[in-house]
Amino acid sequence: MIPVGFDYVAPQSLEDAIGALAEGGEEAKLLAGGHSLLPLMKLRLAAPTLLVDLRRVPGLTGIERQNGVFRIRAMTTHHQVATGGLGLASEAAATIADQQVRNRGTIGGSLAHGDTAADMPAVLLAYEGDVAARGPSGERTIPAAELFEDYLTTALAPDEVLTEVRLPSMDGYGFGYQKFNRRREDWAMVGACALVKKAPDGSCEDVRIGLTHMGSIPLRASAAEDALRGRGLDSDAIAGAAEQAAEGTGPPGDLNATPEYKRHLARVLCRRALEEAAGRA
Amino acid sequence: MGVPGVEAAERAEPGGNGYVGRSLKRKEDPRLITGRAAYVDDMTLPRMLYAAIVRSPEAHARIVSIDTTAAREQPGVEAVFTGEDLTDLAAPCPMVWSPPGVEVHVPDHWPLARDKVGYVGQPVAVVLGHDKYGVVDAAEQVIVEYDPLPVVVDPESALEEGAPIIHDEFGTNKVFEWSLSGGDVEGAFRDADVVIERRVVNHRTAGAAIEPRGVLAEWRHGKLTLWTSTQIPHICRVILSIQLGLDEHNIRVVAPDVGGGFGSKLQVYGEEVLACWCARKLGRPVKWTATRSEEMATTHHGRDQIDYVRIGAKRDGTVTGIHAKIIQDCGAYHLIEGPVIPTFSACVMGGCYKFDAIQTDIVGVFTNKFTTDAIRGAGRPEATHMIELTMDELAAELDMDPLELRRKNFIDEFPSERPHGFIYDSGDYHGTLDRCLEMLDLEAFRREQAELRERGIYRGVGFSTYVEICGLGPSRALGPEGWGMQGGYFESAHVRVHPTGSITVYTGTSPHGQGHETGFAQIVADRLGVTPDAVDLIYGDTHTGPFGKNTYGSRSLAVGGEAIARAAEKVQDKAKRIVAHQLEAAPEDIELVGGRFQVRGSPDKAMTLAQVAGEAYIPADLPEGMEAGLDETCFYDPSNFVWPFGAHACISEVDVETGRVDVVRYIAVDDCGPAINPLLIDGQIHGGIVHALGQALYEQVVYDADGQLVTGTLVDYALPSAADVPNFDTDRTETPTPTNTLGVKGVGEAATIACSPAVVGSVLDALRPLGVTELNMPLTPMRVWQAIQEAEGRGGGPAETEQGRELGEQGGGAAGSGPTAPPEGGAS
């Protein structure tokens, strides 16, 4: 529980933070809530030489709705997201770890960490949202589908700061969130989130399903989505679609779950999330 | 405040006689829950050095070489020592169980490894320096070359021909073999109409105290002081004396505030003697605090038995005999008493039933894992677990109600001499079960259960009716000529009334969270006519009070509290004689009422304790021949163990699609004799249930086939939090023991001993319609799901071995992701 030595700066502007990152090189890391990075450092599994703390950078917290999009600034805490009235994103954020972690951990930090077992990455994917990233050469937008590259690896450059998360408001969609873990505070063994829009005739106009911890990155259950889109939203149709939830996934096995069990869980959780979402749509 | 029936100590009525039995709030809590306690790691001494320990990454290997050059050159490093430097220790780490006529293999176990290592985490070198961070960096610079040897982690494999031998000098991995039996066991099974056999794996768990181990050793003017996070400061001093070759009067051991132990600090660890040795060698104070990772890997584990149990019975449900074969995984080395733990299973192998024949055969085994030793319940949870689940199976086989089967066989006359030589002191097994069922309303549950099943919801109820042995213990039974523990098991107490009438009590017990300061004060207050606030408790310091035997085995109240009561009564007797002398009455006519020593029949003639103390310390007019002072000591050695008992019921719901188990309701009715403070009992029952619920559903120490610890953090070792456990419905009955004057039994381990079969039984009851009749703990969702799949003939995916788990395709150890996942790129 004793980290390797490191330098620490807490710049007062985004420009200074980016500058510090660029100067610090590959071994510099941004510090947001610290609830993923600091445990890794204490276990000496991560040993950054420089931490650039974002806590003094102005304008990095808060949620506002503009033109049908929720703009969530990167340092907004999980607790703020959970209580922000964002539907699926709020419901998912409310399940992250425990209250103390939700009071410190941030949505930007979680997405930038890119943990396939974390809640928010699959949620971002289901929303088809995007993130804003600022680096030395300016700002760019990274769509959710391009953000996650591999275990704990994202498309963010080492000198880029994730500044904002943008989620479409998904008006008219019902949502469901099913997280399966052993203890309340654990990462998801498997998670499934669903967004469902009903057509006037009650059929499924649109559906999005995000899967947590079913591969090296968060995944969409595309086969299940395709099976449901345009069909009825009765239990049989949902169950039939959910049977395809694990297609194309490559879940990592661990102490608590074999890949086979995880695929089974994905099917069950997907069905439950869809039922929940359809019920709310 | 706000809790019905709970009184603030300061608001209690003054006057004594009547504090016992009340739910007074804990005197120690303001300090403990506002961050004002002082733990070892809070302490700093001038010129103090920090220690970091280099530990083996290999489970079994010869040490080829250790190069400490680079580490010594690190900034701030004062010294680096290896096993070769410690050759002046007078003795290796001792193991104190040596039963008459039984060969127990005890390998030399040094604080730093010599020549070879036997488990991952074994200390190989120690780095000392000025900076807590610097020594950890320097420890990474110690280069150890290992020559790996074949590893064995499964105890049954370790006993097989051709298994890698961990200690060559013994030529076998068998540690010992011994049996406790009584009655005609062979006849019992021959006469049985039905025999139920089960193989029960009682997996390895951790104590997981919130405060990790820590030590601070100081050597000054030829005297040693060790502050250590321990349950057993006095025993630690004896062992330090032996290992360091120092007289006991030159050693002081202090257990300051200790943040939990659960048995894991009923230990003297190598790091304790190592810190002392380093402090003496360098002439400077030395501090070492375990990280959580070190705590998980090298603070002793518990359980880890494989049990083969057989119960014989007549068709009418009359049990005839029980036989258990226990294979105890001892790990690679012993600490102070690991091998004796399964003997505690043997003590209660008859449960609360009239078995006429009881036999327990125990085999201890070395494996390339860390040591097992006492963890809350220590052998007794394992016994209860196998007995109760086998009784349920017997009921199913006989098509009998499982509670009817239990009631038919309950022991109902006390004291009861059992065939294996123990005498159950007192009990009312029907009484606790009656109360449990009143609270439960079983009929209503069975109706609800049937209705829910119609809707595909699977709920079940499980029961555990238990008896346990505690209050360790009668020295004659436990000691060298009995079970072979090389020690006595009395407890000491010293009650000192000060000149103005307030009281200091010295106890040989060593509390670490239980509430002794409150409960013991209640006992003394009643006997001396003061409020509990006027009574202060001193403990955990070998330089104060008499030699004690410390805290474990639910002994603090039944042995330590009794010693205090007896010492207080000696003081009371002397006070009465002083009062009688002053008031010109006979001592036998003095009674203590409402805080006053008064003459029977003349309540206006009275003295307070303060007035009595004044006479005792200004001894101008004491009775002829009486010594001054008001100050008494008692060494109490009990004549028998005490045998708490009770009935627990658990209702759980199983999500049969996922295998997830949720405990819906938990009822505990326990009998530990008359309550001193019901609030403290509830605290112990709540904690005890959570401890066993943790084992039943969540917690497991897992080593892979290479002997690597997979559950090295609290991410992977699934300790439940408050959010994961239900509320508990608790109640008590009070059946006094004749063994001590308080009538009390122990309660610190009772609920842990009771709980796990109720939980597993509830899941089996829920799943019996699906054909699931056997489940080993922990009931992880996957394990339950696999059992359902297998019962339904679908197979549940790749099998797992109990030791050396097969992991999934990725083979990673992480449960979820998080701290044990490799960090790779990406901003955080």
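Since the model is a prediction, treat every value here as computed from it, not as a measurement. (Residues numbered from 1 in each chain as written. Chains lettered and ligands numbered in written order. Predicted model: local features only at pLDDT ≥ 70, side-chain atom pairs only at ≥ 80, totals over all residues. Heavy atoms only, no water.)

**Re the overall build of chain A**
Broken down by element type, chain A carries eleven helices and 14 strands. Its C-alpha atoms put chain A at 60 × 45 × 30 Å along the principal axes. Looking at chain A alone, contacts between residues at least 24 apart form 63% of all its contacts between residues at least 6 apart. As displayed, chain A has an accessible area near 10,400 Å², and 46% of this comes from carbon and sulfur atoms. Across chain A, 29 positive and 37 negative side-chain charges occur, with their mean positions spaced 5 Å apart. (Helix = DSSP H or I, 4+ residues; strand = E, 2+ residues; numbered from the N terminus. Contact = heavy atoms within 4.5 Å. Areas by Shrake-Rupley, 256 points an atom, 1.4 Å probe, with all protein chains shown as cover. Lys, Arg positive; Asp, Glu negative; His and termini not counted. Charge placed at Lys NZ, Arg CZ, Asp CG, Glu CD.)

**Considerations on the sheet that holds strand β25 (residues 596–599) of chain B**
Residues and elements named next belong to chain B. Pairing within the open sheet is antiparallel, and its three strands lie in the order β24-β25-β26. Since the sheet does not close on itself, it has two edges, and those belong to β24 (590–593) and β26 (602–607), each with one partner. Strand-to-strand, the axes of this sheet are offset by a mean angle of 45 degrees, without reference to chain direction. Pairing of β25 with β26, which is carried by three bridges, proceeds in the antiparallel orientation. (Pairing = 2+ DSSP bridges. Axes fitted to C-alpha atoms, helices over the stretch in contact; angles between N-to-C directions.)

**A word on the sheet that holds strand β4 (residues 63–66) of chain A**
Residues and elements named next belong to chain A. One open sheet accounts for five strands, arranged β4-β5-β10-β6-β7; its pairing is antiparallel. Looking at which strands have only one partner, the edges of the open sheet turn out to be β4 and β7 (138–143). The average angle at which neighbouring strand axes cross in this sheet is 25 degrees, direction not considered. When strand β6 (residues 130–135) meets strand β10 (residues 161–168), the two strands line up antiparallel, connected through five bridges. When the sheet's bridge partners are listed, Asp130 is paired in β10 with Arg166. Across the sheet, helix α7 (residues 119–127) touches β6 and β10, and the angle it forms with β10 is around 50 degrees.

**Describing the packing of helix α18 (residues 678–698) of chain B against helix α19 (residues 750–767) of chain B**
Residue and element names in this part refer to chain B. Closest axis-to-axis distance for the α18/α19 pair is 7 Å, and the angle between their directions is 45 degrees. In terms of axis orientation, α18 runs oblique to α19. α18 and α19 meet at a crossing whose hand is right-handed. The residues of α19 that touch α18, namely those facing Ile685, Gly688, Ile689, His691, Ala692, Leu693, Ala696 and Leu697, are Ala751, Thr752, Cys755, Ser756 and Val759. (Parallel < 35°, antiparallel > 145°, perpendicular 65-115°, else oblique. Left-handed = near helix turned anticlockwise from the far one by under 90°.)

**Things to note about the packing of aromatic side chains**
All names here are of chain B. A complete count under the given rule lists 23 aromatic pairs over all chains for this structure. Taking 5.0 Å as the distance between ring centres and 80 degrees as the angle between the ring planes, the aromatic pair formed by Trp97 and Phe176 counts as edge-to-face. Of the two residues, Trp97 sits in the loop between β5 (77–82) and β6 (116–117) while Phe176 sits in strand β9 (residues 174–182), which places them 79 residues apart along the sequence. Trp97 gets classed as buried once you look at its relative accessible area, which sits at 1%. For Phe176, a relative accessible area of 2% puts it in the buried group. On the basis of an interplanar angle of 85 degrees and a centroid distance of 6.0 Å, the ring pair of Tyr666 and Phe728 is categorised as edge-to-face. Here Tyr666, found in strand β29 (residues 660–671), pairs with Phe728, found in strand β30 (residues 728–732); they are 62 residues apart in sequence, far enough to count as distant. (Phe/Tyr/Trp six-rings, centres within 6.5 Å; stacked < 30°, edge-to-face > 60°. Buried < 20%, exposed > 50% of the residue type's maximum accessible area, 1.4 Å probe, protein only.)

**Points about the domain arrangement of chain A**
Accessible area lost when the parts come together is the quantity often used to give the size of an interface. All names here are of chain A. Per the domain assignment, the segments making up chain A are domain 1 (1–54 + 63–167) and domain 2 (174–280). If you average the C-alpha positions of domain 1 and of domain 2, the two centres end up 25 Å apart. If you look at the interface, domain 1 gives 23 residues, while domain 2 gives 26 residues. Note on domain 1 versus domain 2: buried area summed over both sides is about 2,100 Å², and carbon and sulfur give 59% of it. Summed over the three residues of domain 1 that lose the most area to domain 2, namely Leu88, Glu91 and Thr116, the buried surface amounts to 26% of that side. The interface formed by domain 1 and domain 2 includes four salt bridges. (Domains from an automatic or database assignment. Buried area = accessible area lost by both parts, 1.4 Å probe. Salt bridge = Lys/Arg side-chain N within 4 Å of Asp/Glu carboxyl O.)

**Quick word on the domain arrangement of chain B**
All names here are of chain B. Segmenting chain B into domains produces domain 1 (6–37 + 490–636) and domain 2 (425–472 + 640–806). Measuring from the centre of the C-alpha atoms in domain 1 to the corresponding centre in domain 2 gives 39 Å. When domain 1 packs against domain 2, close to 1,800 Å² is buried across both sides, 59% of that on carbon and sulfur atoms. The tally of links from domain 1 across to domain 2 stands at zero salt bridges. The tally of links from domain 1 across to domain 2 stands at 13 residue pairs in polar contact (both at pLDDT 80 or more). It is helix α16 (residues 556–583) that provides the largest number of residues to the side of domain 1 that touches domain 2, a total of seven residues. Among the residues forming the side of domain 1 that touches domain 2, the class breakdown is eleven nonpolar, ten polar and seven charged. (Polar contact = N/O pair within 3.5 Å; in protein donor to acceptor, adjacent residues only side chain to side chain. Nonpolar A, V, L, I, M, F, W, Y, C, P; charged D, E, K, R; others polar.)

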